Amino acid sequence: SQELEQSPQSLIVQEGKNLTINCTSSKTLYGLYWYKQKYGEGLIFLMMLQKGGEEKSHEKITAKLDEKKQQSSLHITASQPSHAGIYLCGADRGTGSQGNLIFGKGTKLSVKP
Amino acid sequence: NAGVTQTPKFQVLKTGQSMTLQCAQDMNHEYMSWYRQDPGMGLRLIHYSVGAGITDQGEVPNGYNVSRSTTEDFPLRLLSAAPSQTSVYFCASSRRLVANEQFFGPGTRLTVL
């Protein structure tokens, strides 16, 4: 069955530093989603990637899907305390999946002021 | 629009008790799902529905029942609560089955003693 591995599991960065979170799939990704979860709250959609080589940006967050569609990265430029939270990648299970998503275990980001 | 709403926000049960977690969405989404989130396990799919009257099992369905009598509501029933069901439960909905953003509710934090 398909699995998503996220790395690192946790990350502590100084405010203003850049950082990257990775999400690797054991199978081809049909759709890759990035969500952010603040502690004790629900998930907030960040971006969706579908095509190999696709890159999307929103404010200081950039997500990329590699050409082979098995790995995605989330890059935050000039991190701020507001970026702190848990970042999860999710993926469509593929054709016949009835829309189910599988998720990585998350990356916990802390930003020190 | 209220989006996806969940009640209650917190709940404490004793082993063997039953209860229903409520989920509603006002976006006319066909697809709805329930996930549980546990430390170190990420989000796991419990049950999902692709439309009113249609439900199916996810990864971890044992001990839970669902029904979908209307497009808006998707309640999750715990038949006989067990300590292993202590978790945070999230309901989600989306317009399409695949390649589509899922909207998550704020979650229900359940403790079973």
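Up top is the structure these notes are about.
Only a predicted model underlies this, so the values are computations on that prediction, with no experimental measurement involved.

> I'm lost on the interface of chain A and chain B in this one. Help?
Accessible area lost when the parts come together is the quantity often used to give the size of an interface. Residue-level contacts link 21 residues of chain A with 22 residues of chain B. Taken over both partners, the interface formed by chain A and chain B buries close to 1,700 Å², and the fraction arising from carbon and sulfur atoms is 53%. Our count for the chain A to chain B interface comes out at zero salt bridges. In this assembly, chain A and chain B are joined by three residue pairs in polar contact (both at pLDDT 80 or more). Those elements giving two or more residues to the side of chain A that touches chain B turn out to be strand 4 (32-37), strand 5 (43-49), strand 9 (85-92) and strand 10 (101-103) of chain A. Here the side of chain A that touches chain B is built from residues that sort into eight nonpolar, nine polar and four charged.

> How should I be thinking about the state of the cysteines in this particular structure?
Simply put, the disulfide is a covalent bond whose two ends are the sulfur atoms of two cysteines. Residue and element names in this part refer to chain A. Using the criterion set out here, one finds two disulfides over all chains in the structure. In this model, Cys23 is linked to Cys89 through a disulfide, with the two sulfur atoms separated by 2.1 Å. Here the S-S torsion is close to 75 degrees, and the disulfide linking Cys23 with Cys89 is therefore right-handed. Of this pair, Cys23 sits in strand 3 (residues 19-25) while Cys89 sits in strand 9; the two residues are 66 residues apart in sequence, bridging distant segments of the chain. For Cys23, a relative accessible area of 0% puts it in the buried group.

> What's the story with the nonpolar core in this structure? I'm lost.
One broad trend across soluble globular proteins is that nonpolar side chains are buried collectively. Core analysis: the largest hydrophobic core is formed by 23 residues, its most contacted members being A:Leu4, A:Leu19, A:Leu32, A:Trp34, A:Leu74, A:Tyr87 and A:Leu109. Elements with a contribution of two residues or more to this core: strand 2 (10-14), strand 3, strand 4, strand 5, strand 7 (61-65), strand 8 (71-76), strand 9 and strand 11 (107-112) of chain A. In this structure, B:Trp34, B:Ile46, B:Tyr64 and B:Phe74 belong to the second largest nonpolar core, which totals 18 residues.

> Help me understand the sheet that holds strand 1 (residues 4-7) of chain B in this model?
Strand pairing within a sheet occurs via backbone hydrogen bonds; the two strands may be parallel or antiparallel. All names here are of chain B. A sheet is described by the order of its strands in space; here four strands give the open sequence 1-3-8-7, paired in antiparallel fashion. Strands with a single pairing partner mark the edges of an open sheet, and in this sheet they are strand 1 and strand 7 (64-66). Between one strand and the next, the sheet's axes are offset by a mean angle of 20 degrees, whatever the strand orientation. Relative to strand 3 (residues 19-25), strand 1 runs antiparallel, the two being bridged by four bridges. Within strand 3, the position partnered with Thr7 by the bridge is Gln22.

> Can you walk me through the environment of B:Asn28 in this structure?
Residue and element names in this part refer to chain B. Structurally, Asn28 can be placed in the loop between strand 3 and strand 4 (31-38). Of the residues examined, Asn28 reaches a relative accessible area of 56% and is grouped as exposed. In sequence terms Asn28 and Gln57 are 29 residues apart; their C-alpha atoms lie 22 Å from each other.

> Any chance you could explain the sheet that holds strand 7 of chain A here in plain terms?
All names here are of chain A. The strand order across the open sheet built from five strands is 1-3-8-7-6, with neighbouring strands paired in antiparallel fashion. Of all strands in the sheet, those bounded by a partner on one side alone are strand 1 (4-7) and strand 6 (55-58). On average, each strand axis in the sheet is inclined to that of its neighbour by 15 degrees, with strand direction left out of account. In this sheet, strand 3 lies alongside strand 1 in antiparallel orientation, the contact comprising four bridges. Looking at the pairing, Leu4 lines up with Ser25 of strand 3.

> Mind showing me how you'd approach the pattern of salt bridges here?
Working definition: two side chains of opposite charge can pair if their charged atoms are close together. Residue and element names in this part refer to chain B. Considering all chains together, one arrives at four salt bridges over all chains under this definition. Among the salt bridges present, the one from Arg44 reaches Asp38, with a minimum N-O distance of 2.9 Å. Given a relative accessible area of 11%, Asp38 falls into the buried group. One salt-bridge network, held together by shared partners, links Arg36, Asp38 and Arg44.

Thresholds, definitions, all that
Residues numbered from 1 in each chain as written. Chains lettered and ligands numbered in written order. Predicted model: local features only at pLDDT ≥ 70, side-chain atom pairs only at ≥ 80, totals over all residues. Heavy atoms only, no water. Contact = heavy atoms within 4.5 Å. Buried area = accessible area lost by both parts, 1.4 Å probe. Salt bridge = Lys/Arg side-chain N within 4 Å of Asp/Glu carboxyl O. Polar contact = N/O pair within 3.5 Å; in protein donor to acceptor, adjacent residues only side chain to side chain. Helix = DSSP H or I, 4+ residues; strand = E, 2+ residues; numbered from the N terminus. Nonpolar A, V, L, I, M, F, W, Y, C, P; charged D, E, K, R; others polar. Disulfide = S-S within 2.5 Å. Buried < 20%, exposed > 50% of the residue type's maximum accessible area, 1.4 Å probe, protein only. Core = buried A, V, L, I, M, F, W, Y, C linked by side-chain atoms within 4.5 Å. Pairing = 2+ DSSP bridges. Axes fitted to C-alpha atoms, helices over the stretch in contact; angles between N-to-C directions.

Function-wise, these values are silent; they only describe arrangement.
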